[in-house]
Amino acid sequence: MTEYALILLSTILVNNFVLVKFLGLCPFMGVSRKLETAMGMALATTFVLTLSSVFSYLVNQYILAPLGLEYMRTIMFILVIAVVVQFTEMVVHKTSPLLYNVLGIFLPLITTNCAVLGVALLNVQEQNNFIQSLFYGFGASVGFSMVLVLFSAMRERITAADVPEVFQGSSIALITAGIMSLAFMGFAGLIKV
Amino acid sequence: MMVVIITLAIIAAFFGLLLGYSAIRFRVEGDPVVDKIDAILPQTQCGQCTYAGCHPYAEAIAKGEADINQCPPGGEAVIIALADLLEVEVIPLNAEHGEVKESKTVVYIDENTCIGCTLCIQACPVDAILGAAKHMHTVIESECTGCDLCIPPCPVDCIHIKAVTPTLKTWKWHRPEGGYAAPRAG
């Protein structure tokens, strides 16, 4: 049990995918302008990332490894992620129109989120088993969601703040992200995983 | 090499079948309520309900943001049909949005007075007014929905309403009394 708690803690804080590993920066900058959309994106990513982490583990373990095709991982994982995203979109659209309205536009965007592919590939690299992959994917997505929501809340306040003219817009956002990243680097000594 | 190609092809085909199947299994026919409301509205896109067109108004009704009595072109028939669909009380037309017309009207521009200011062109929701700056404008009668939105902006009051008298080509049989002729789903 401690092992799984450590995986969660590691992926959420210590090795945060956005601020420490620098994966998934595009949606981090792109949809963080409003808190509402950031929450939608965070929810959608959590869902897809956890699923695709598990599915890509299964594909790697039971299809690629027995056939000795490990070098085809990247393209296989991209295929798996795209299918999971599409499938999720259809199921959500059918079963919960309300959730679909919240996630709607963000679901297709996740296909190109490199954090999703990053998690799938890192699962293999770290030789995680099924449950570990599940927790690794979930932790990564919770970490992503947390910093995305925090960052968008900050950006909402920054738009109202008196920012010097040269720093206005994206530059102050990037500087903020950099300072957040520095802060998260402070977790580095917390645990060893 | 062959193993790779075959494996990838099999997996891709499997995923393709899965997605194809789920596309049929989980098919959704839009938002049924919005579409049903939209089917009842007269589709004049006149904007008198304060929404940008009939579909936005239908969405607003479905969300509960708008009342069902904001559509002057539809008049009482549309209100009754909407009340029937949404199972709410029939309420009289909100006079803020305009009055019901006895018969179909269109507008025409008094071309001697028109100064070519283009204000009425901007107001027209269906692009039925033709003209350019400082040139005379004219109304394409077959496109005009009779919403009268172009009349208030005109600075020289050169736009007038006229009733459409049916000709042999445009005459239609009267709609049945009391019934509503819009297509019903199901």
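Our subject is the structure listed above.
Calculation notes
Residues numbered from 1 in each chain as written. Chains lettered and ligands numbered in written order. Predicted model: local features only at pLDDT ≥ 70, side-chain atom pairs only at ≥ 80, totals over all residues. Heavy atoms only, no water. Helix = DSSP H or I, 4+ residues; strand = E, 2+ residues; numbered from the N terminus. Contact = heavy atoms within 4.5 Å. Areas by Shrake-Rupley, 256 points an atom, 1.4 Å probe, with all protein chains shown as cover. Patch = residues over 30% accessible without salt bridge, like charges linked within 9 Å, V, L, I, M, F, W, Y side chains within 5 Å. Salt bridge = Lys/Arg side-chain N within 4 Å of Asp/Glu carboxyl O. Buried < 20%, exposed > 50% of the residue type's maximum accessible area, 1.4 Å probe, protein only. 1 Å grid on protein atoms, 1.4 Å probe; cavity = no way out; pocket = protein on both sides within 12 Å on 5 of 7 lines; lining within 4 Å. Points joined across faces, edges and corners; volume = space filled by probe spheres on them. Nonpolar A, V, L, I, M, F, W, Y, C, P; charged D, E, K, R; others polar. Core = buried A, V, L, I, M, F, W, Y, C linked by side-chain atoms within 4.5 Å.

**A few points about the overall build of chain A**
- A count of helices and strands for chain A gives nine helices and zero strands.
- Shown N-terminal to C-terminal, the secondary structure of chain A runs as helices and strands in the order α-α-α-α-α-α-α-α-α.
- Across chain A, the fraction of contacts at a sequence separation of at least 24, relative to all contacts at a separation of at least 6, is 78%.
- In the form shown here, chain A has an accessible surface area of approximately 9,800 Å², with 69% of it arising from carbon and sulfur atoms.

**Comments concerning a nonpolar patch on the surface**
Residue and element names in this part refer to chain A.
- Residues Phe 47, Leu 51, Phe 55, Leu 58, Tyr 62, Phe 130 and Ile 131 make up a contiguous nonpolar surface patch of roughly 620 Å² in combined accessible area.
- Residue assignment for the nonpolar patch shows that the elements contributing at least two residues are helix 3 (35-67) and helix 8 (130-160).
- No other element matches the five residues that helix 3 contributes to the nonpolar patch.
- Within the secondary structure, Tyr 62 is located in helix 3.

**Side note on the pattern of salt bridges**
Residue and element names in this part refer to chain B.
- In total, this model carries one salt bridge over all chains according to the counting rule given.
- With a shortest N-O distance of 3.5 Å, Lys 162 and Glu 141 are connected by a salt bridge. Of this pair, Lys 162 sits in strand 4 (residues 159-163) while Glu 141 sits in the loop between strand 3 (138-139) and strand 4; the two residues are 21 residues apart in sequence, bridging distant segments of the chain.
- Residue Lys 162 is classed as partly exposed on the basis of its relative accessible area of 32%.
- Take Glu 141: its relative accessible area is 42%, and that puts it in the partly exposed class.

**Quick look at empty space enclosed by the protein**
Residues and elements named next belong to chain B.
- All told, the structure shown has three cavities of 30 Å³ or more when counted by the stated rule.
- If you add up the space inside the largest cavity, you get close to 90 Å³.
- Lining the largest cavity are 15 residues, and of these Val 107, Cys 124, Cys 144, Cys 147 and Cys 150 lie nearest its centre.
- A per-class count over the lining of the largest cavity returns 12 nonpolar, two polar and one charged.

**Here we look at the nonpolar core**
- In this structure, A:Phe28, A:Ile110 and A:Leu148 are the most contacted members of the largest nonpolar core, which totals 54 residues.
- With near-sequence residues (within four places) excluded, A:Leu148 lies in contact with A:Pro27, A:Phe28, A:Val31, A:Ser32, A:Ala38, A:Met41 and A:Ala42.
- One finds B:Ile40, B:Tyr57, B:Ala60 and B:Cys71 within the second-largest nonpolar core, a separate group that totals 18 residues.

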